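Results of the structural survey
Take a look at the letters that make up each chain.
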Amino acid sequence: MAFHIPVTVRDQLKRVPGLRPLVVFFRRARDHRAFAARRLSPMVAIDLTNACNLACAKCARVSVKRPRGFLDAALFSKILEDIRESGETTEIALGGAGEPTLHSQLVDFVKMARAVPNVGVIGFASNMVKMTPDLSERLLAAGLTRLKASLDADDPETYRRLYGGDAYATVVEHLSSFCEINKRMGEPCTITIKVTLYTDDCAVAERLKKAWAGRVQNVRASVLHNWAGSIDVERRGTRTTACKVLRHQIQICWDGQITLCCFDSYGREFNMGNAADVNLVDYWRRDPGLLRVRRLHKAGDFSTLPVCAACNEDEYYDVHLED
């Protein structure tokens, strides 16, 4: 029978002089063992497209000019087969540098992913502009289990300024209908409202929490990210420690190019090969370039990794606003 230390006691133990370094050491040892045992990353992020129907102030795609395109179904099938053969329970995130609902085969892709026995969570982030009730119902029936709805404002004027469009009423309507359909179907999908804070004021996140209480499972806030230095924000990267993303996920762009991480999905400074030609297990376990970057991160040496050094991922955090 497992013994669980009460949270209050655990918090007190953390304050004991000399104990915290031991706790950190054993936690890292545990995480390293779990990482070493895996054949594939806990998450595979597959960017269905880098096209979008908005021009958000927080987004690097506005400043980073790259050809627009959409993921091919044959490539998606190949990626799924790599995941199936790995035998690892893996989450699939259908997104990265664009808006997933613009892909005409989104529902089919969710169905295909759900048919793979070792695929766990299937989800994506969306601006909700195209998330009609019909699309919502078809996605939920296909097996979608996680939705992150991007909403940084709770009034039309602020929304227009931050998103570059007049879709606030549409987004609210579509998110409301998704919540209703999800509840009617037994809540198979976890719904999170993802709030990007343009200042240190969390007031908008608190208001959204109250407005959507009982309909969404989470409201989470994060600081404004610089997307590996692709956009200029006040919080600049000062990385001194290894990035956890390197041990958590593989990021694949719509044309199959594997980038180092999701934060490099816009600038694509790291070309780590193409998923059409590379087995994902081989990449995750043995790719020389990826292993080199991991070693440099572990050593705290970012002198030859300017993109990593400029990234403020270490200041990127989610704040779960408790009920």
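Here we summarise the structure given alongside this text. Just so it is clear, the structure is predicted and the values come from calculations on it, not from any experiment.

Analysis parameters
- Residues numbered from 1 in each chain as written.
- Predicted model: local features only at pLDDT ≥ 70, side-chain atom pairs only at ≥ 80, totals over all residues.
- Heavy atoms only, no water.
- Phe/Tyr/Trp six-rings, centres within 6.5 Å; stacked < 30°, edge-to-face > 60°.
- Helix = DSSP H or I, 4+ residues; strand = E, 2+ residues; numbered from the N terminus.
- Buried < 20%, exposed > 50% of the residue type's maximum accessible area, 1.4 Å probe, protein only.
- Lys NZ or Arg CZ within 6 Å of the ring centre and 35° of its normal.
- Pairing = 2+ DSSP bridges.
- Right-handed = clockwise from strand over helix to strand, strands pointing away.
- Axes fitted to C-alpha atoms, helices over the stretch in contact; angles between N-to-C directions.
- Left-handed = near helix turned anticlockwise from the far one by under 90°.
- Contact = heavy atoms within 4.5 Å.

1. So, the packing of aromatic side chains
For the coordinates displayed, the defined rule picks out three aromatic pairs. Their ring planes at 15° and their centres at 4.2 Å tell us that Tyr159 and Tyr163 sit as a pair that is stacked. Taken together, the residues Tyr159 and Tyr163, both in helix 6 (residues 156–163) and four residues apart, mark about one turn of the helix. With respect to class, Tyr159 is no different from Tyr163; both count as buried. Lying over the aromatic face of Trp212, Arg215 brings its terminal NZ or CZ to 4.0 Å of the ring centre. Across the ring face of Trp284, the terminal group of Arg294 is positioned such that the distance to the ring centre comes to 4.4 Å.

2. Remarks on the pairing of strand 6 (residues 218–223)
Of all six residues in strand 6, five are buried; the element is thus mostly enclosed. Sheet topology note: the strand 5 (residues 190–197)/strand 6 ladder contains six bridges and is parallel. In the strand pairing of strand 6, Val195 is matched with Ala221. In this region the chain leaves strand 5, passes through helix 8 (residues 203–211) and returns to the parallel neighbour strand 6; the handedness of that crossover is right-handed.

3. Observations concerning the packing of helix 5 (residues 133–142) against helix 7 (residues 168–184)
Contact geometry for helix 5 and helix 7: axes closest at 9 Å, N-to-C directions at 35°. In the packing of helix 5 onto helix 7, the handedness of the crossing is right-handed. Residues Pro133, Ser136, Glu137 and Leu140 of helix 5 form the contact with helix 7, whose own contacting residues are His174, Ser177, Phe178, Ile181, Asn182 and Arg184.

4. Describing unusual backbone geometry
If you check the backbone angles, Met128 has positive phi at about 75° while not being a glycine. Mapped onto the elements of the fold, Met128 is located in the loop between strand 3 (119–126) and helix 5. On the basis of relative accessibility, which here comes to 0%, the residue Met128 falls in the buried class. Located in the positive-phi region is Glu187, a residue other than glycine, with phi close to 55°. With respect to the helices and strands, the residue Glu187 is situated in the loop between helix 7 and strand 5.

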